Amino acid sequence: MIEQVADPLPQQGYAKVVLELEVNNHPGVMSHICNLFARRAFNVEGILCMPVADGRRSRIWLLVFEDQRLEQMMRQVEKLEDVLAVRPHGAGHEVFERLEDFFH
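Criteria and thresholds
- Residues numbered from 1 in each chain as written.
- Predicted model: local features only at pLDDT ≥ 70, side-chain atom pairs only at ≥ 80, totals over all residues.
- Heavy atoms only, no water.
- Buried < 20%, exposed > 50% of the residue type's maximum accessible area, 1.4 Å probe, protein only.
- Helix = DSSP H or I, 4+ residues; strand = E, 2+ residues; numbered from the N terminus.
- Arc of directions from axis to C-beta.
- Contact = heavy atoms within 4.5 Å.
- Salt bridge = Lys/Arg side-chain N within 4 Å of Asp/Glu carboxyl O.
- Pairing = 2+ DSSP bridges.
- Axes fitted to C-alpha atoms, helices over the stretch in contact; angles between N-to-C directions.
- Core = buried A, V, L, I, M, F, W, Y, C linked by side-chain atoms within 4.5 Å.

Asker: Any chance you could break down helix H2 (residues 29-39) for me, citing the residues and the numbers?
Answerer: Three or more residues of H2 are buried, namely Val29, Ile33, Leu36 and Phe37. Down the axis of H2, the smallest arc covering the buried residues is 95 degrees, so these residues share one side. Exposed positions of H2 whose direction lies more than 90 degrees from the buried face are Ala38 and Arg39. Structurally, H2 contributes buried residues whose contacts are with strand E1 (16-24), strand E2 (44-52), strand E3 (57-65), helix H3 (70-79) and strand E4 (83-90). Ala41 occupies a position one or two residues after H2 and carries a positive phi of about 50 degrees.

Asker: Can you lay out unusual backbone geometry for me, pointing to particular residues and giving the numbers?
Answerer: Despite not being glycine, Ala41 shows a phi value in the positive range, around 50 degrees. When its relative accessible area of 61% is taken as the criterion, Ala41 is described as exposed. A positive phi angle, near 50 degrees, is found at Ala53, a position not held by glycine. A relative accessible area of 85% places Ala53 in the exposed class.

Asker: Tell me what's going on with the pattern of salt bridges, and back it up with residues and numbers.
Answerer: Under the counting rule described, the total for this entry stands at seven salt bridges. A salt bridge links Arg69 to Asp67; the shortest N-O distance between them is 2.9 Å. We classify Asp67 as buried; its relative accessible area is 10%. Arg75 is paired through a salt bridge with Glu71; the nearest N and O atoms lie 3.2 Å apart. Of the two residues, Arg75 and Glu71 are both situated in helix H3; the distance of four residues between them amounts to about one turn of the helix. For Arg75, a relative accessible area of 38% translates into the label partly exposed.

Asker: Please give an account of the sheet that holds E3 that cites residues and values.
Answerer: The strands making up a sheet associate through hydrogen bonds between their backbones, and the pairing can be parallel or antiparallel. Strands sit in the order E2-E3-E1-E4 across an open sheet of four strands; the sheet is antiparallel. Of all the strands in the sheet, just E2 and E4 have a single pairing partner and so form its edges. Looking at each pair of strands side by side, their axes are set apart by 20 degrees on average, direction ignored.

Asker: An account of the nonpolar core is needed here, citing residue identities and associated values.
Answerer: If you look at the biggest cluster of nonpolar residues, it comprises 18 residues, and the most contacted ones within it are Leu19, Leu21, Ile33, Phe37, Leu62 and Val64. At the level of secondary structure, the elements contributing two or more residues to this core comprise E1, H2, E3, H3 and E4. Not counting the four nearest positions on each side in its chain, Phe37 is found in contact with Leu19, Phe42, Val44, Leu62, Val64, Met73 and Val77. Val18, Leu63, Val95 and Phe96 belong to the second-largest nonpolar core, a separate cluster that totals five residues.

Asker: Account for H3, with residues named and values stated.
Answerer: When we look at burial in H3, the residues that qualify are Leu70, Met73, Met74, Gln76 and Val77. Taken down its axis, H3 places every buried residue within 165 degrees of arc, on the same side. Structural note: H3 exposes Glu71 and Lys79 on the side pointing more than 90 degrees away from its buried face. Elements in contact with the buried residues of H3: E1, H2, E3 and E4.

If you want it as structure tokens, here you go:
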């Protein structure tokens, strides 16, 4: 039998937040962003990425917990060469709300 362990972050009162990233669209950009979060043991709860406009840029949506490290993480993501903009949104942003129907 597999024991399910509750995620400790919600119990500590951390809310989720959606980060919207505008990035240059080429191989490796998503990997660089995810590796940055992984190296800092910052869990990403959801990821969505799609090219926009003419395909030279992509929009990445990340669903993360808003803990005391988030502001620093956003500054570090903004420093990545291919990241053009980072915008935070509330957890209720429709991009992930609509997707939840596919996973329940």
